[in-house]
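Below are the chains, spelled out letter by letter.
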Amino acid sequence: VSNFICIGIYNSCKSWFPSDATSVEQYASSQVYNYLWILIGIAGFGVLFNLLPPVANWVEGVIHRSIKLNTSTEAQSKGDLTESLLLNA
């Protein structure tokens with residue numbers, strides 16, 4: 001999915017890129033910096049979105065459940081009942 005979004009952004013900003021990347025004059029007169037500002041804006045939005053309390057709490061919950069599941073699975077596969085009992089308490 002992310003590749004399709006990237007291709008869409010690139011195609012909509014295609015006029016900002018030089019047609020001949022080997023030509024210094026075309027590259028200097030192009031507006032590649034606008035494309036970079038769009039990418040910085042997307043990254044900034046992602047950071048701010050992940051700082052929202054509901055999103056941050058959801059991520060923390062997923063991490064906590066994954067750690068608990070992985071450690072309980074490892075304890076059961078090793079036959080260590082003590083660790084498994086402590087995690088389920």
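Described below are features of the structure shown in this document.

The rules we used
Residues numbered from 1 in each chain as written. Predicted model: local features only at pLDDT ≥ 70, side-chain atom pairs only at ≥ 80, totals over all residues. Heavy atoms only, no water. Phe/Tyr/Trp six-rings, centres within 6.5 Å; stacked < 30°, edge-to-face > 60°. Helix = DSSP H or I, 4+ residues; strand = E, 2+ residues; numbered from the N terminus. Buried < 20%, exposed > 50% of the residue type's maximum accessible area, 1.4 Å probe, protein only. Polar contact = N/O pair within 3.5 Å; in protein donor to acceptor, adjacent residues only side chain to side chain. Patch = residues over 30% accessible without salt bridge, like charges linked within 9 Å, V, L, I, M, F, W, Y side chains within 5 Å. Areas by Shrake-Rupley, 256 points an atom, 1.4 Å probe, with all protein chains shown as cover. Salt bridge = Lys/Arg side-chain N within 4 Å of Asp/Glu carboxyl O.

Here we look at the packing of aromatic side chains
Reasoning step 1: Tallied over the full model, the rule gives three aromatic pairs.
Reasoning step 2: Arranged with centres 4.9 Å apart and planes meeting at 65 degrees, the rings of Phe17 and Tyr35 form a pair that is edge-to-face. Pair noted here: Phe17 is in the loop between helix 1 (2–12) and helix 2 (24–29) and Tyr35 is in helix 3 (residues 32–51), with a separation of 18 residues, a long-range link.
Reasoning step 3: Relative accessible area serves as the criterion here: at 21%, Phe17 is assigned to the partly exposed category.
Reasoning step 4: For Tyr35, a relative accessible area of 12% puts it in the buried group.
Reasoning step 5: Seen from their ring centres, Phe45 and Phe49 are 6.0 Å apart, and the 25 degrees between their planes marks the pair as stacked.

What to know about the environment of Trp16
Reasoning step 1: With respect to the secondary-structure elements, Trp16 resides in the loop between helix 1 and helix 2.
Reasoning step 2: Residue Trp16 is classed as partly exposed on the basis of its relative accessible area of 21%.
Reasoning step 3: Considered as a pair, Trp16 and Tyr33 are 17 residues apart in the sequence and their alpha carbons are 8.4 Å apart.

Quick notes on the side chain of Ser30
Reasoning step 1: You can see Ser30 is positioned in the loop between helix 2 and helix 3.
Reasoning step 2: Look at Ser30 and you get buried, because its relative accessible area is 12%.
Reasoning step 3: At 2.7 Å, the side chain of Ser30 and the backbone oxygen of Tyr27 are in polar contact.

Let's talk about a nonpolar patch on the surface
Reasoning step 1: The grouping of Trp58, Val59, Val62, Ile63 and Ile67 at the surface amounts to a nonpolar patch, some 450 Å² of accessible area in total.
Reasoning step 2: Classification of Trp58 as exposed rests on a relative accessible area of 58%.

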